[in-house]
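Take a look at the letters that make up each chain.
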Amino acid sequence: MASRICSSFLVMLTFFALAGCYTTPVRHLAADAALLQAGKSTQQDVIVFLGDPDEQQVLGEGVEKWLYKEKDTSFFEKTPLVGPYLGAPAHNQVVVTFRNGIVTESVYSYSDKDDLDWANDFSWQEKKK
């Protein structure tokens, strides 16, 4: 009886330990976008490096833009109830422009809440209303 309880406990412990190892795939937009080469990389290369785009825009005449977005939140920002007060998530974005299926431009940008709150950085300057 004791060995049966012990083995059941061991199986459950192993299951939970392995379940804790599972994570969802993560994109690293800055590093992956750096792999793209203007004039050489194709749409298929972009899909391999960055995956399917979050948004697509056809501009016409063989020109197309793909948008990749990512929101980074820290462990503390994911905490229920108090997480939003412990920080602000960072936003990463890559815009890839194609002409006839070949990358012509790849632009990476990063912003967080402090970047959008620039008006408060200049307390000495009077704000116009």
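See the structure above.
The following paragraphs examine the structure supplied in this document. (Residues numbered from 1 in each chain as written. Predicted model: local features only at pLDDT ≥ 70, side-chain atom pairs only at ≥ 80, totals over all residues. Heavy atoms only, no water.)

## Considering the packing of aromatic side chains
Next, step 1: Summed over all chains, the structure comprises one aromatic pair.
Next, step 2: On the basis of an interplanar angle of 65 degrees and a centroid distance of 4.6 Å, the ring pair of Trp66 and Phe98 is categorised as edge-to-face. Taken together, the residues span a long stretch of sequence, with Trp66 in strand S2 (residues 63-72) and Phe98 in strand S3 (residues 90-99) at a distance of 32 residues. Each member of the pair, Trp66 together with Phe98, is buried. (Phe/Tyr/Trp six-rings, centres within 6.5 Å; stacked < 30°, edge-to-face > 60°. Helix = DSSP H or I, 4+ residues; strand = E, 2+ residues; numbered from the N terminus. Buried < 20%, exposed > 50% of the residue type's maximum accessible area, 1.4 Å probe, protein only.)

## Quick look at the pairing of strand S4 (residues 102-111)
Next, step 1: Sheet analysis places S3 next to S4, joined by nine bridges and oriented antiparallel. Note that in S4 the partner of His91 across the bridge is Ser111.
Next, step 2: Taking the residues between adjacent antiparallel strands as the criterion, S3 and S4 are bridged by two residues, where Asn100 takes a positive phi near 55 degrees. (Pairing = 2+ DSSP bridges.)

## Describing the pattern of salt bridges
Next, step 1: Taken as a whole and assessed by the stated rule, the structure comprises one salt bridge.
Next, step 2: When the shortest N-O distance is used, the salt bridge between Lys69 and Glu55 registers 2.9 Å. Here Lys69, found in strand S2, pairs with Glu55, found in strand S1 (residues 55-60); they are 14 residues apart in sequence, far enough to count as distant.
Next, step 3: Since its relative accessible area comes to 41%, Lys69 is described here as partly exposed.
Next, step 4: Note on Glu55: relative accessible area 41%, which makes it partly exposed. (Salt bridge = Lys/Arg side-chain N within 4 Å of Asp/Glu carboxyl O.)

## Some words on the pairing of S1
Strand residues, when the strand is regular, have side chains that alternate between the two faces of the sheet.
Next, step 1: Both S1 and S2 contribute to a ladder of five bridges, which runs antiparallel. By the bridge assignment for S2, Val58 is matched with Glu64.
Next, step 2: Hairpin connection from S1 to S2: two residues lie between these consecutive antiparallel strands, with Glu61 at a positive phi of about 55 degrees.

## Details of the nonpolar core
Next, step 1: If you look at the biggest cluster of nonpolar residues, it comprises 11 residues: Leu29, Ala33, Leu36, Val46, Leu50, Trp66, Tyr68, Val94, Val96, Phe98 and Val103.
Next, step 2: Where this core is concerned, the elements lending two or more residues are helix H2 (29-34), helix H3 (43-50), S2 and S3.
Next, step 3: The dominant element in this core, judged by the number of residues it contributes, is S3, at three residues. (Core = buried A, V, L, I, M, F, W, Y, C linked by side-chain atoms within 4.5 Å.)

## What about the environment of Tyr108?
Next, step 1: Note on placement: Tyr108 falls in strand S4.
Next, step 2: In this structure Tyr108 touches Leu29, Ala30, Asn92, Gln93 and Val94, once residues within four positions along its chain are discounted. (Contact = heavy atoms within 4.5 Å.)

## Focus on the environment of His91
Next, step 1: Positionally, His91 belongs in strand S3.
Next, step 2: The spatial distance from the C-alpha of His91 to the C-alpha of Ser109 is 8.2 Å, given a sequence separation of 18 residues.
Next, step 3: Here His91 is in contact with Glu70, Lys71, Ser109, Tyr110 and Ser111, once residues within four sequence places are set aside.

## Overview of a nonpolar patch on the surface
Next, step 1: Residues Leu81, Val82, Tyr85 and Leu86 make up a contiguous nonpolar surface patch of roughly 520 Å² in combined accessible area.
Next, step 2: Within the secondary structure, Tyr85 sits in the loop between S2 and S3. (Patch = residues over 30% accessible without salt bridge, like charges linked within 9 Å, V, L, I, M, F, W, Y side chains within 5 Å. Areas by Shrake-Rupley, 256 points an atom, 1.4 Å probe, with all protein chains shown as cover.)

In short, shape yes, function no, at least from these values alone.
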